[in-house]
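Structural characterization, general
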Amino acid sequence: MTYNSEDVQKILQIALARKQEGGFSREQLIEMASELGISDDILKTTEKKWLAQQEEEHLQSTFNTFRRKGFKAHFVSFVAVNLFLIILNLITSPNYFWAIFPVLGWGLGIFFHWWSVYQSKSEDYETAFQNWRAKT
């Protein structure tokens, strides 16, 4: 039976995961790479690229958390203020429901804020992320 390179990679990944649940040391990584015929230069370049990718993912996760906290604060303010306005409306003039106007206006703003926070596959997201990254 023969295996293509993808099959070998998958089999080895599963075997390595089962062999050592706790992780590998850098020395073990270098040893495995040399056994597979991977040069030190290729390993170092690949490791740097992987570390940069991990750092980028961590920064994006931190950025997403930052944006979601801002949205939650905005949403809590929206609920509290508009609940107060509705109660005030019902007490002062129950025949005319004027509180619907701030609820709808601010609700539209909340919707667009939600949209910008939870849509992370757009050009606007990338621009906001890069601006945030430059500030930190």
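Up top is the structure these notes are about.
The structure reproduced in this document is the subject of the present report.

Taking 1.5 Å per residue, 13 residues should reach 18 Å; helix H5 (residues 123-135) reaches 19 Å between its end C-alpha atoms and fits that length. Taken together, the buried positions of H5 are Tyr125, Phe129 and Trp132. One side of H5 carries all its buried residues, which in axial view fall inside an arc of 65 degrees. With respect to the buried face of H5, the exposed residues turned more than 90 degrees away are Glu123, Asp124 and Ala134. In the core, the buried residues of H5 are packed alongside helix H3 (40-92).

Take Arg67: it is sitting in helix H3. No salt bridge is formed by the buried Arg67, whose closest oppositely charged neighbour, Asp124, lies at an N-O distance of 8.7 Å. The contacts of Arg67, once residues within four sequence positions are left out, are Ser116, Val117, Tyr125 and Ala128.

Turning our eyes to something else, we now look at the side chain of Asn82. In this structure, Asn82 sits in helix H3. Asn82 gets classed as buried once you look at its relative accessible area, which sits at 4%. Aside from chain neighbours lying at most four places away, what touches Asn82 is Pro102, Val103 and Trp106.

Quick look at the packing of aromatic side chains now. With the rule as written, the count across this model stands at 15 aromatic pairs. Grouped by ring-pair contacts, the aromatic residues Phe71, Phe75, Phe78, Trp106, Phe111, Phe112, Trp114, Trp115 and Tyr118 constitute a single cluster.

We now examine a nonpolar patch on the surface. Taken together, the side chains of Met1, Tyr3, Val8, Ile11, Leu12, Leu36, Ile38 and Ile42 define a hydrophobic patch exposed on the protein surface, amounting to about 830 Å² of accessible area. In terms of residue count, the dominant contributor to the nonpolar patch is helix H1 (residues 5-19) (3 residues). Residue position: Leu36 is located in the loop between helix H2 (26-35) and H3.

Reading guide: rules and limits
- Residues numbered from 1 in each chain as written.
- Predicted model: local features only at pLDDT ≥ 70, side-chain atom pairs only at ≥ 80, totals over all residues.
- Heavy atoms only, no water.
- Helix = DSSP H or I, 4+ residues; strand = E, 2+ residues; numbered from the N terminus.
- Expected span 1.5 Å × (residues − 1).
- Buried < 20%, exposed > 50% of the residue type's maximum accessible area, 1.4 Å probe, protein only.
- Arc of directions from axis to C-beta.
- Contact = heavy atoms within 4.5 Å.
- Lys, Arg positive; Asp, Glu negative; His and termini not counted.
- Salt bridge = Lys/Arg side-chain N within 4 Å of Asp/Glu carboxyl O.
- Phe/Tyr/Trp six-rings, centres within 6.5 Å; stacked < 30°, edge-to-face > 60°.
- Patch = residues over 30% accessible without salt bridge, like charges linked within 9 Å, V, L, I, M, F, W, Y side chains within 5 Å.
- Areas by Shrake-Rupley, 256 points an atom, 1.4 Å probe, with all protein chains shown as cover.

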